[in-house]
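The primary structure of each chain is shown beneath.
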Amino acid sequence: MTRDEITTGLAEILEEVAGVSPDDVAEGKSFTDDLDVDSLSMVEVVVAAEEKFGVKIPDNEVQNLKTVGDAVSYIEAQS
Amino acid sequence: MSGSRILSLGHYQPSRVVTNDEIAQLVETNDEWIRDRVGIVTRRIAGSETVADMAAAAAEKALADSGLTAADIDLVVVATCTSVDRSPNVACRVAAKLGIDAPAAFDVNTACSGFAYALGTVDHAIRAGASRNALVIGAEKLSEFTDWTDRSTCIIFADGAGAAVVTAAAEGEAPGVGPVVWGSVPERGDAVRIEGWRPYVKQEGQAVFRWATTALAPLALQACERAGVDPADLAAFVPHQANSRIIDGIAKRLNIPQAIIAKDIVESGNTSAASIPLALSKLVERREVPSGAPVLLFGFGGGLTYAGQVVRCP
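Residues numbered from 1 in each chain as written. Chains lettered and ligands numbered in written order. Predicted model: local features only at pLDDT ≥ 70, side-chain atom pairs only at ≥ 80, totals over all residues. Heavy atoms only, no water.

Per an unreviewed UniProt entry, chain B is named Beta-ketoacyl-[acyl-carrier-protein] synthase III, and its organism is Micromonospora endophytica. Comment text from UniProt for chain B, heading Catalytic activity (unreviewed entry), reads "malonyl-[ACP] + acetyl-CoA + H(+) = 3-oxobutanoyl-[ACP] + CO2 + CoA". UniProt's Sequence similarities (unreviewed entry) comment on chain B is quoted here verbatim: "Belongs to the thiolase-like superfamily. FabH family." (UniProt positions renumbered as here; feature names shortened; annotations may be inferred.)

As recorded in an unreviewed UniProt entry, chain A goes by the name Acyl carrier protein, listed as coming from Micromonospora endophytica. Looking at chain A in UniProt, the text filed under Pathway (unreviewed entry) is "Lipid metabolism; fatty acid biosynthesis." As recorded by UniProt, the Subcellular location (unreviewed entry) comment attached to chain A reads in full: "Cytoplasm".

In structure tokens form, the structure reads like this:
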């Protein structure tokens, strides 16, 4: 999977879980500051991402995923 | 012995209603944020009432509605994690206040899952012939264990009590309390804590949210299966009132669009072990669930612990 494909997949999840417009999702965007994803919605994003991409994202990793790019890199490395 | 059933319910809430605007005077937060993100509009905070006072008040109402008297009760079990006194336990204090003579009386502490644990224990005692008529109570005064400068917890927790009178089902009568599905995740004990001397509640919100919204739905469905109840036939789902979004997250995975989803958290906050009997008692009081209808109870919280069962509405 390319980084773009992972980003597109995350955008779909963000739209469903937190109502984020896919147009706003880009690697440099911060989940909390730019996309207004709060801490519990972030958990829903992570759980959905685990199912969608077949990866494991443990609780202690979630706090390190500050931007969409962080998440893309983590998923890319795991898959 | 063919099992047990809930005969009646009762609840007690302190008279003081605390709004989100009042909380916003203590910590940096606002009404809209709390409504949207947690689902709480108001909560009740006790004044001088103790856990035992609230437990006894709820139990008195349940007993008054049961057709039984204090003399008929032979077992009192109280679920609580916020009783300040180590002894006597809350169950003995309730028995003393209500004039119940010589009951077996003990407290159960499994934090927010406590009521379902206590109900399971009472059901087992009745099945074993160790009790005929029991009081099972959830009562909490979390305000005494809340750090009112910590906005991650002080917006959530509240005080209150709920109680049920549980009696032996007649021979041949279908049981009204289904088999309990219970357990714990001891290695995750740090996720919700009330530790040490004069402690405050602390929790890892994300870890609890993830566990609750992913691990619990299959266990709740197991409780339905063990009771022989098709989830599609549930009249209501009464989970621990932890957070509106946790309730929605579990309910979504149960796929029970026909069931009433209890949301007493909106007006009562999170009252730990008291939240399930409080919400159930109010549903019954408002006649939202017909008598005999199956209702799924599911508690979860500190420990981490969980327990749930299907009950028939009194």
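Resuming the write-up.
A short note on the sheet that holds strand β8 (residues 181–184) of chain B
Residues and elements named next belong to chain B. Strand order in the open sheet formed by 5 strands is β8-β14-β13-β11-β12, with mixed pairing between adjacent strands. Single-partner strands in this sheet number two, and they are β8 and β12 (260–261). Alignment of strand β11 (residues 236–239) against β12, held across 2 bridges, turns out to be parallel. Within the sheet, the bridge partner assigned to Ala-236 lies in β12 and is Ile-260. Packed on one face of the sheet, helix α5 (residues 114–127) meets β8, β13 (294–301) and β14 (305–312) and runs near 60° to β14. (Pairing = 2+ DSSP bridges. Helix = DSSP H or I, 4+ residues; strand = E, 2+ residues; numbered from the N terminus. Contact = heavy atoms within 4.5 Å. Axes fitted to C-alpha atoms, helices over the stretch in contact; angles between N-to-C directions.)

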